[in-house]
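The chain contents come next:
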Amino acid sequence: MIYLDHNATTPLHPRALAAMLPYLRERWGNPSSPHRFGNEAKAAVENARESIAGSIHCKPNEIVFCSSGTEADNLALRGVARALRSRGNHIVTTAIEHHAVLNTSKTLESEGYRVTYLPVNRDGIVQLDALEASLESDTILVTIMHANNETGVVQPIEEIAALTSRQGVVLHTDAVQSAGKLPQRPGELGADLVSFSGHKLYGPKGIAVLYVREDTPISPVITGGEHEHGLRAGTENVAAIVGLAEAATIAFEMSETEGQRLRALRDRLERQVVSSIERVKINGARAERVPNTSNVSFYGIDGESIVLALDVCGICVSTGSACSTENPEPSHVLIAMGLDAQEAQGSIRMSLGRETREQDIDFTVSALVDTVERLRRISSVRNE
Ligand code: PLP
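The structure presented is a predicted model; accordingly, all values stated were derived computationally and were not measured.

Novice: I keep staring at the packing of aromatic side chains and nothing clicks. Help me out?
Specialist: Aromatic rings considered in pairs are described by the distance between their centres and by the relative angle of their planes. In total, this model carries one aromatic pair according to the counting rule given. A ring pair is formed by Trp 28 and Phe 37, whose centres lie 4.5 Å apart and whose planes are at 20 degrees; its orientation type is stacked. With relative accessibility at 31%, the residue Phe 37 sits in the partly exposed group. When the ring centre of Tyr 202 is taken as reference, the NZ or CZ atom of Arg 354 above it lies at 3.7 Å.

Below, the structure is given as structure tokens:
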């Protein structure tokens, strides 16, 4: 099997699993308990917090553990919106965000907030002058993703942060797809809030971090006990937190060398696709991208059919268009980049990872050549 869907999820690193097992077996205490079982669990959580702070270059008290990247995004948006309600009700985001941000923004609109959805250019990049022009006296939050999950295109977050901090507006970035893939440490992006998720960096599912820079105005969304500095109530998922810390250490340590390896493999993939298949387009190719992601449109056929055909060959990829029976709309990301519905519908995303080798790329390209040729033949017969 060839797995090229690492932006959906990654396998758990064996060292992360080994770190977790004691907390699933014998050390099952509640970190809030005052006795030795509790103390042991509490120490594990606080050691993990320190370790992650070291990995992402921030202070331990700036780490808030959440149950998912989705929850971290929700806490950032809803938490800041609520905390700053008396100061304003305008939020700025982009048209290409993950649904964790987009649908949360829509919900906030229904609660009385105004949201501006900035466009992107054909390369998938937000324009700084458009961002600057969108800021108003009642703007309380800007939320712009770091790397896009479908195309891998990276936004200039440091420049965006310089702008928002000059204007005194809180900045959140969803770094779920960039954390551990780029050498930049989330705590050094200049954003006030940064989300990232365990299962995208070879850690466990169901655990994530919201980095909250000290003194950022934010209210809790999940209320209850005083966990996570009063920002996220609920008994901590100790084993997952420990696993995330281990996975993050490894991911950031190897991000530079692994990034170079993956970039070379991705370039090989794209070179071969472009040279051996006609009427293809690499989406976001001219922009800076995370090194593992390739989004390709194949004219005249449906991405969904390619995904299914490759699955039969033992190759796992995904549609760039997120087009499925539940969501028949073409990708909002590709449409925002100016693709027409047919081009967007004909796209697939291949996201490489640590197990990907050159022979996997070569095999995938040869399977793609056959698949695309066959599907185009069928579709031209159908259209006659
Ligand atoms: N943000 C981005 C950019 C993502 O790609 C994802 C997951 O695909 C999420 C947020 C949600 O993360 P989680 O799966 O941990 O809820």
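That was the structure; now back to the text.
Novice: Just checking my understanding: could you explain helix H4 (residues 99–110) for this structure?
Specialist: Owing to its 3.6 residues per turn, the α-helix aligns residues three or four sequence positions apart on the same side. For H4, built from 12 residues, the straight-helix expectation of 16 Å at 1.5 Å per residue is met to within 8% by its first-to-last C-alpha distance of 16 Å. Taken as a whole, H4 has its buried residues at Ala 100, Val 101, Leu 102, Thr 104, Ser 105 and Leu 108. Of the surrounding elements, those touching the buried residues of H4 are helix H3 (69–83), strand S3 (90–94), strand S4 (114–118), strand S5 (139–143), strand S6 (170–174) and helix H9 (332–336). Gly 112 occupies a position one or two residues after H4 and carries a positive phi of about 105 degrees.

Novice: How should the sheet that holds strand S10 (residues 293–298) be read in this particular structure?
Specialist: Picture the strands of a sheet paired through backbone hydrogen bonds; they go either parallel or antiparallel. The strand order across the open sheet formed by four strands is S9-S10-S13-S12, and the pairing between neighbours is antiparallel. Here the strands that pair on one side only, and so sit at the sheet edges, are strand S9 (280–282) and strand S12 (318–319). Across five bridges, the pairing between S10 and strand S13 (residues 347–351) is antiparallel. Pairing of Val 296 across the sheet is with Ile 348, part of S13. Across the sheet, helix H7 (residues 238–276) touches S9, S10 and S13, and the angle it forms with S10 is around 10 degrees. Each of S10, S12 and S13 is contacted by helix H8 (residues 303–312), which is oriented at about 45 degrees to S13, the strand it contacts most.

Novice: I would appreciate a short explanation of the environment of His 13 in the present structure.
Specialist: Along the chain, the position of His 13 falls in the loop between strand S1 (2–3) and helix H1 (14–24). Counting along the chain gives 233 residues from His 13 to Glu 246, while the straight-line C-alpha distance between them is 8.7 Å. Other than its neighbours up to four places away in sequence, His 13 contacts Tyr 202, Ile 250 and Arg 354. Polar side-chain contacts of His 13 include one of 2.9 Å to the backbone nitrogen of Arg 15.

Reading guide: rules and limits
- Residues numbered from 1 in each chain as written.
- Predicted model: local features only at pLDDT ≥ 70, side-chain atom pairs only at ≥ 80, totals over all residues.
- Heavy atoms only, no water.
- Phe/Tyr/Trp six-rings, centres within 6.5 Å; stacked < 30°, edge-to-face > 60°.
- Buried < 20%, exposed > 50% of the residue type's maximum accessible area, 1.4 Å probe, protein only.
- Lys NZ or Arg CZ within 6 Å of the ring centre and 35° of its normal.
- Helix = DSSP H or I, 4+ residues; strand = E, 2+ residues; numbered from the N terminus.
- Expected span 1.5 Å × (residues − 1).
- Contact = heavy atoms within 4.5 Å.
- Pairing = 2+ DSSP bridges.
- Axes fitted to C-alpha atoms, helices over the stretch in contact; angles between N-to-C directions.
- Polar contact = N/O pair within 3.5 Å; in protein donor to acceptor, adjacent residues only side chain to side chain.

Keep in mind these numbers describe shape, not what the thing actually does.
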